[in-house]
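Tertiary structure, described
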Amino acid sequence: MEYFRKEVDVGEKKFIIESGKVAKQASGSCTVRVGDTVVLVTAVALKEPKRDIDFMPLTVDYRERTYAVGKIPGGFFKREARPREKEILVSRLIDRSIRPLFPEYWRNDTQISAIVLSHDGENDSEIAAILGASVALYTSDLPFTTPIASVRVGRINGQLIVYPLINEQESSDLDLIVSGTEEALTMVEAGARELSEAEMLEALNLARETIRGICLVQKTLPVKTRIVVEQPQYNPLLKADIEAEAVSKAEASVMIKEKGEREFFWDSFKKDISTRLIEKYPEELSSDIDAILEDIFYKKARELVLNKKVRTDGRDFKEIRPITCETDVLPRVHGSSLFTRGQTQALVAVTLGTPGDMQIVDDITGEYKDRFMLHYNFPGFATGEPKSERSTSRREIGHGNLAKRALSPILPREEDFSYTIRLVSDILESNGSSSMASVCGGSLALFNAGVPVKSSCAGVAMGLMKEGDNYVILTDIAGMEDHLGDMDFKVAGTRKGITALQMDIKIFGLTTEIIAQALEQARHARFFILDMMDMAVSVPKNKLSDYAPRIISLTIPQNKIGGLIGPGGKNIRKIQEDNNVKIDIEETGRVFISGTEPDGVESAKEYVECLVAEAEVGKIYKGKVTKIMAFGAFAEILPGKEGLIHISQLSTQHVKKVEDFLKEGDEVKVKVIEIDNQGRINLSVKAALE
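This is a predicted model, so every value here is computed, not measured. (Residues numbered from 1 in each chain as written. Predicted model: local features only at pLDDT ≥ 70, side-chain atom pairs only at ≥ 80, totals over all residues. Heavy atoms only, no water.)

**A look at the environment of Lys671**
What counts is decided by this rule: Helix and strand definitions here come from DSSP, where helices need a minimum of 4 consecutive H or I residues and strands a minimum of 2 consecutive E residues; each element is numbered from the N-terminal end. Whether two residues are in contact is decided by their heavy atoms, any of which lying within 4.5 Å being enough.
Position of Lys671 relative to the elements: it lies in strand E28 (residues 667–675). Sequence separation of Lys671 and Lys622 is 49 residues, and the distance between their C-alpha atoms is 8.8 Å. Residue contacts for Lys671: discarding those within four places in its chain leaves Gly618, Lys619, Ile620, Asn682, Leu683, Ser684, Ala687 and Ala688.

Next comes the structure, spelled out in structure tokens:
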């Protein structure tokens, strides 16, 4: 492996690419450094292709070593275990960026490994990992002939920034990651705070210009002799026999509107013709027959759209499938909705929790708490298939993250609504764009739960079929259009603007001109869907569910936190048990009291206020006598705070013995007449009576 070192500018940052020094047995490898963040990326593949598969077997693993920031992993085993959610999401970003650029018939097991070796807490590692994947592939013997680059774009105070630092991303109203070649874009992932289509296009064009320069630098790198990918050659007699029957069957099949009926028709024909042809051509592989049949179906489905200008289900190119919106569909949950669009259906439930329910995320850059969770589930029955539910799939994590990005900007501020919010989207049916159904259903469910969101939010998936200069953009794509099309472009947002974008393509790349047309078409679709949602529910409920916890928050001095907790947690435990509540305390002194019974929550609040309150001179309290002495009595006027009632202050009459007037346990009205410089409190019954 030839050694090289290159520098490339990304915005105002310098990326240093180095290869030929480490991991030399991989097909391709490099390190990418920006600041003190270093990522090692390798590419390897088997020399022989897999048989009997019709997809590219690509695996991408992005992992963050905790030693990169000088940390030892938590837990019993003290080593990195299964990938965290962020690692899975970055793995998907790399996969989606590079997959469209492999040859169509590449069937060799391929793996990309990206390992974060050092992290400075300022420069994120995602962009470096995608760049490293491109360099490792482009300089290897794998058939990856077109380098790509990726760039992150933020926007602070209306100013676009290429490759914002991690601390700058927090104040940015845009988080856009774009991957592409010198000529076109291959992948887009974005979250935004209601940006317009024009503002988003401006950011995409800036990203495209930056990407072009990075790709040109990669083209100067030394490359190996590449593996040749051969297109499969089929028996011409077998192919002719298949075409004689299959062309007309495929033409009839793609015209069947209902998904289940269409699949049954085509699958039955495939089974029948395969059985007959295997008997006639026993030396041929059944996988070759399947491949020829699928190629015919693919061509006829695309001809229907591109040449005849007709969609499989008969819709206009801009037409959205029938929509129904229902809320309050589950009796005991805090909020629920059922959103159905065509044959795609999402059941979404909202659970409101206390601040103590927030998810603790242990990230490489530090630990933080997340108050909003969105979990997406895709069971097998949604597509009529038997599939056991085990661990959460990468696809489920990716779709859930996209829906979360879309809905996050409409949530109320934590200061105004202190609940932890969990949304769960269970896909009950799927025939295209279940992630966008989760956005729509999630918005409806938040309204139903009484969460004071800023506005409703909807999403739609756009598709593309393109042959040369002939192309069609499709609104609200169904499953077959996604499978056979060239683009899956998901756009979510409110009436004010875009909140999330995700684009994946299967062709070489897309120009921003096509993306601009897709964005405008998506805007009209989004407004139509929002109108339908508003007909079901236009404003959030004015009260929370009776089954949701009630939360009261107050702030106490930080030096009072210990007193509230008490020795060994005695005080806080007593308040929680006596009032059937839960109390969460932040380091800042903010206290959250939650419970299902409003009276208990209010009572606990009063007790907390009393516990941290200071006695005030001149104020009257109800005191409880705790001790009788010859010279007077001690009374507790606030939790843990006692004062002395001197015998002379017991009554306007002459008092010979304290016991003649008070005994332990009595409640008596007293007035604070003095607090001396040592903090001792003097009380008076006589002054209170006056």
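**A look at the pattern of salt bridges**
The cut-off we apply is this: Each salt bridge in this description consists of a side-chain nitrogen of Lys or Arg and a carboxyl oxygen of Asp or Glu lying within 4 Å of one another. Partly exposed residues are those whose accessible area sits between 20% and 50% of the maximum for their type, while under 20% is buried and over 50% is exposed, using a 1.4 Å probe and protein chains only.
Inspection of every chain in the model, using the stated rule, returns 53 salt bridges. Here Arg96 and Glu189 are joined by a salt bridge, their closest N and O atoms 2.9 Å apart. Here Arg96 is found in helix H1 (residues 85–98), whereas its partner Glu189 is found in strand E10 (residues 185–195), with 93 residues between them in sequence. No difference in accessibility class separates Arg96 from Glu189, as the two residues are buried. In this structure, the salt-bridge partner of Asp272 is Arg276, at a minimum N-O distance of 3.0 Å. Placement of both Asp272 and Arg276 in helix H6 (residues 259–280) is noted, with a separation of four residues, approximately one turn of the helix. Judged by relative accessible area, Asp272 falls into the partly exposed class, the value being 39%. Via salt bridges that share partners, Arg311, Asp313, Arg315, Arg321, Arg341, Asp476 and Glu481 belong to a single interconnected network.

**A word on the nonpolar core**
Applicable threshold: Definition of nonpolar core: a set of buried residues of the types Ala, Val, Leu, Ile, Met, Phe, Trp, Tyr and Cys, connected through side-chain atoms within 4.5 Å.
Among the nonpolar cores identified, the biggest contains 131 residues, and Phe15, Ile94, Ile112 and Phe489 are the most heavily contacted of them. Ranked by the residues each element gives to this core, the list is headed by helix H2 (residues 126–138), at ten residues. Aside from chain neighbours lying at most four places away, what touches Ile94 is Val60, Tyr62, Ile112, Ala114, Ala129, Ile130 and Ala133. With 20 residues, the next largest nonpolar core counts Ala635, Leu650, Leu662 and Val670 among its residues.

**What about unusual backbone geometry?**
Non-glycine residue Asn157 carries a positive phi angle of around 55 degrees. Within the secondary structure layout, Asn157 lies in the loop between strand E7 (149–156) and strand E8 (159–162). Its relative accessible area of 80% is what places Asn157 among the exposed residues. Positive phi is not limited to glycine here, since Ser433 has a value of about 60 degrees. Summarising the element assignment, Ser433 is placed in the loop between strand E17 (420–429) and helix H9 (434–449).

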